[in-house]
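Residues per chain, in single letters:
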Amino acid sequence: MRNLTFLKIIFVLVFVGWIMVWILLPTKVYKNTWNPKLENKLNSTYFREQGTNLLLFTFPVVFMGALGCVYLHLRLQKPENLSSKSGGSANRRLSFLRRPFVVMSPIGILTSMELVFALMFAALLIWSLSNYLHISFGHLHMHMEGEKVWQAKLRSVSLRAGYIGNICWAFLFFPVTRASSILPLFGLTSESSIKYHIWLGRVSMVLFAVHTIGFFIYWGITDQMKEALEWSKTYVSNVAGIIASVIALAMWVPSFPTFRRKMFAVFFYSHHLYTLYILFYGIHVGVAYMCMIAPGIFLFLVDRHLRFLQSRQNAPLLSARILPCAALELNFAKTPSKPINPTSIVYINVPKISKLQWHPFTVLSSCNMEKDILRVAIKTEGSWTNKLYQELSSSALDHLNVSVEGPYGPSTSHFLRYSALVLVSGGSGITPFISIIRELIFQNQQESHVPRVLLVCSFKNSVDLTMLDLMLSVSGSKTQISNLQLQIEAYVTREKEEPQDSEKLIQTKWFKPALSDTPISVVLGPNNWLCLASIISSSFLMFLLLLGIITRFYIYPIENNSGEVYHWTFKVLWFLFLLFAVVCICSSAVFLWWKKQNTFESKQVMNVEVPTPTRSPGSWIYGSERELESLPHQSLVQATNVHFGVRPDLKSKFSDCKGKDIGVLVCGPRNMRHEVARICSSGLADNLHFESISFAW
């Protein structure tokens, strides 16, 4: 416990110090006092103009990334008592910060804590811009004879807008690093942080648009349009900046919600232009400014390369349940050592449908109940999922090549700390709650503290009720629902009465894994944080070593002997090449070592015999006179009340809940999430702790 506290204090101090550097950067104190002294000591022949920024901006984030891995590893070794009094009291003290404060479109749901941090970040941008302009306007430099003061100010504003956009880019990659060691320390996951990436991207695009358009106006009114075509050898390359702006625009336009929903493939492929954008952006700003945004890119590259290595392997698909509501449950083999927390997701690729597209889906299984099986739910709502559904339901397949990335999710089962849970879902939004219920079933069997559960689920049609079947495994075993305090209130909104002849059976198909298939196993994240720490630290040390050698023994002699500055573009290319190369080398080495260590365990999993198929319960909700086949099916029916032709009265449901701490989790359409958030923020009850689970970003 002391080690965890000590590491947390160090992390907070380094983080605060890093933020303070950003705050001081635009001030006269930094420019006139700190910077000259730091450059004199740090900008050596080994690092030149990169030295200061490597120490102040790059090193702290890389250090936090490695330290976060160590902290998360030690926290996993410590038994977690989420139901302790101290944990409960701490949760109550912080509950007001997690309570929804702003609920509106298009912003969405903002908690008090998110609003505070958003205002602080906005204050940092305003502070930086005002200081840059104050210093600049106080010492205006005329770049040409006859230049007017207002023209010089326009140039200064345009330039400083680019500086502020650089701050946004320093934070842009953190939310999209899926197996991040930093986000969990703030209680975040990549899925819950995607909205921050969207906000930062849009703010940076506005700032860079001001930067670009402002310079074009300045060049136009001062008859310097030829500057737009300049590719300088010693300074900023304007052409590279224009190319980066065009690429950014091509990425930004398809990212708007309306465009993204209608043409997701265009959005998906255009967003991969980020590699070219980073290249031309780096050439435009130079190596010194690249050091400011490099740490986020570095941690993202580590994560991205490891995900690439994992995705090259095919996962063994054991079986598929095909539900009459056009939903699927895929069952994969995994190594028993793979811990998966409820509400986790995996990314799936089926080359037969699309070799490039990856889609996220919810993990249904509990790693405690199904140690060597990973279950995934898929609802057909788009062209890709429809093709997969048709492929599995119509053809006589005995094998299907599938690649899997992940799982990714929360670092703890935080919902266990509550005395009661209210789970509100709409349509396929029920899938993350199935994993929670299955974990609660296991914890209940271990005689651990288990909260009472009220599941309020809404479906459009009665056939969608078969989604509740996913709470049971294919064989129906190991699912003692009867011992769990579970109440299910199911609402069918588009049908006013129960159909009389709608009984449809669930199909189960079994597959034969190929010998080349590899069970899903640990690559990043839980239970393997030390491997990630070794990759981060070794990659960064190798990067510094190679950068120092190249600079001292190749670049410096050229500049020293010829008296000329080494080409601006080539310096950036060296920087980016070394950054990418060390990540690939170190990540690949650790991945191959990990793969060798897990070879024996993978062979054991692949030798496990496929279970004998048993009849699925089908649409168990129909026909009350039907003889129920097993105790789990019977318990599920007894726990469920079905309401036809009405929508749930959520306000009355919440007011009826009793308990000191009630966790309210919602997953479904945006209107439903907003309604639940408004109820929890309205002061109806102080014991409601809201959390939104959304994969529709």
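Residues numbered from 1 in each chain as written. Predicted model: local features only at pLDDT ≥ 70, side-chain atom pairs only at ≥ 80, totals over all residues. Heavy atoms only, no water.

## Quick notes on the overall build of the protein chain
Secondary structure assignment for the protein chain yields 20 helices and 15 strands. By residue count, 53% of the 697 residues in the protein chain fall in the buried class. Contacts in the protein chain between residues at least 24 apart in sequence constitute 79% of all its contacts with a sequence separation of at least 6. Here the protein chain displays about 32100 Å² of accessible surface, and carbon together with sulfur accounts for 61% of that area. (Helix = DSSP H or I, 4+ residues; strand = E, 2+ residues; numbered from the N terminus. Buried < 20%, exposed > 50% of the residue type's maximum accessible area, 1.4 Å probe, protein only. Contact = heavy atoms within 4.5 Å. Areas by Shrake-Rupley, 256 points an atom, 1.4 Å probe, with all protein chains shown as cover.)

## Remarks on the packing of aromatic side chains
Evaluated as defined, the whole model comprises 35 aromatic pairs. Between F173 and F300, the aromatic rings sit 5.3 Å apart at their centres with planes inclined by 50°, giving tilted as the arrangement. Highlighted residues: F173 in the loop between α6 (149-172) and α7 (190-221) and F300 in helix α12 (residues 287-311), separated in sequence by 127 residues. F300 shares its class with F173; the two are buried. Taken together, the aromatic side chains of F11, F15, W18, W22, F57, F121, F171, F174 and F186 make up a single cluster linked through ring pairs. Its guanidinium or amino end placed over the ring of Y347, R178 lies 3.6 Å from that ring's centre, counting from NZ or CZ. In this structure, R260 is placed above the aromatic ring of F267, and the distance from its NZ or CZ to the ring centre is 5.8 Å. (Phe/Tyr/Trp six-rings, centres within 6.5 Å; stacked < 30°, edge-to-face > 60°. Lys NZ or Arg CZ within 6 Å of the ring centre and 35° of its normal.)

## Looking at helix α5 (residues 112-138)
In a regular helix each residue adds 1.5 Å, so 27 residues correspond to 39 Å; α5 covers 38 Å between its end C-alpha atoms and thus fits that length. Of the positions making up α5, those classed as buried are S112, E114, L124, L125, S128, N131, Y132, L133, I135 and S136. (Expected span 1.5 Å × (residues − 1).)

## Points about the pattern of salt bridges
Under the definition given, this model contains ten salt bridges. Among the salt bridges present, the one from E405 reaches R307, with a minimum N-O distance of 3.4 Å. Residue E405 is located in strand β8 (residues 403-408), and its partner R307 is located in helix α12; the two are separated by 98 residues in the primary sequence. You can call R307 buried: its relative accessible area is 4%. Between K571 and E559 there is a salt bridge, with its nearest N and O atoms 3.2 Å apart. Of this pair, K571 sits in helix α16 (residues 568-597) while E559 sits in helix α15 (residues 529-562), and the two are twelve residues apart along the sequence. A single burial state applies to K571 and to E559, both of which are buried. (Salt bridge = Lys/Arg side-chain N within 4 Å of Asp/Glu carboxyl O.)

## Regarding the environment of Y269
Relative to the assigned elements, Y269 resides in helix α10 (residues 264-270). What makes Y269 partly exposed here is its relative accessible area of 37%. In the structure, Y269 is positioned 18 residues away from M251 in sequence and 9.0 Å away in space, judged by C-alpha atoms. Setting aside anything within four residues of it in sequence, one finds Y269 in contact with S354, L356 and Q357.

## What about empty space enclosed by the protein?
Under the counting rule described, the total for this entry stands at seven cavities of 30 Å³ or more. Looking at the second largest cavity, its volume works out to about 90 Å³. As for the second largest cavity, its lining consists of twelve residues, of which T177, A179, S180, S181 and L299 are closest to the centre. Looking at which element gives the most residues to the lining of the second largest cavity, the answer is α12, with three residues. For the lining of the second largest cavity, the residue count by class is eight nonpolar, three polar and one charged. Both domains that meet at the lining of the second largest cavity, namely domain 1 (1-77 + 286-310 + 528-597) and domain 2 (97-223), each give it at least three residues. (1 Å grid on protein atoms, 1.4 Å probe; cavity = no way out; pocket = protein on both sides within 12 Å on 5 of 7 lines; lining within 4 Å. Points joined across faces, edges and corners; volume = space filled by probe spheres on them. Nonpolar A, V, L, I, M, F, W, Y, C, P; charged D, E, K, R; others polar. Domains from an automatic or database assignment.)

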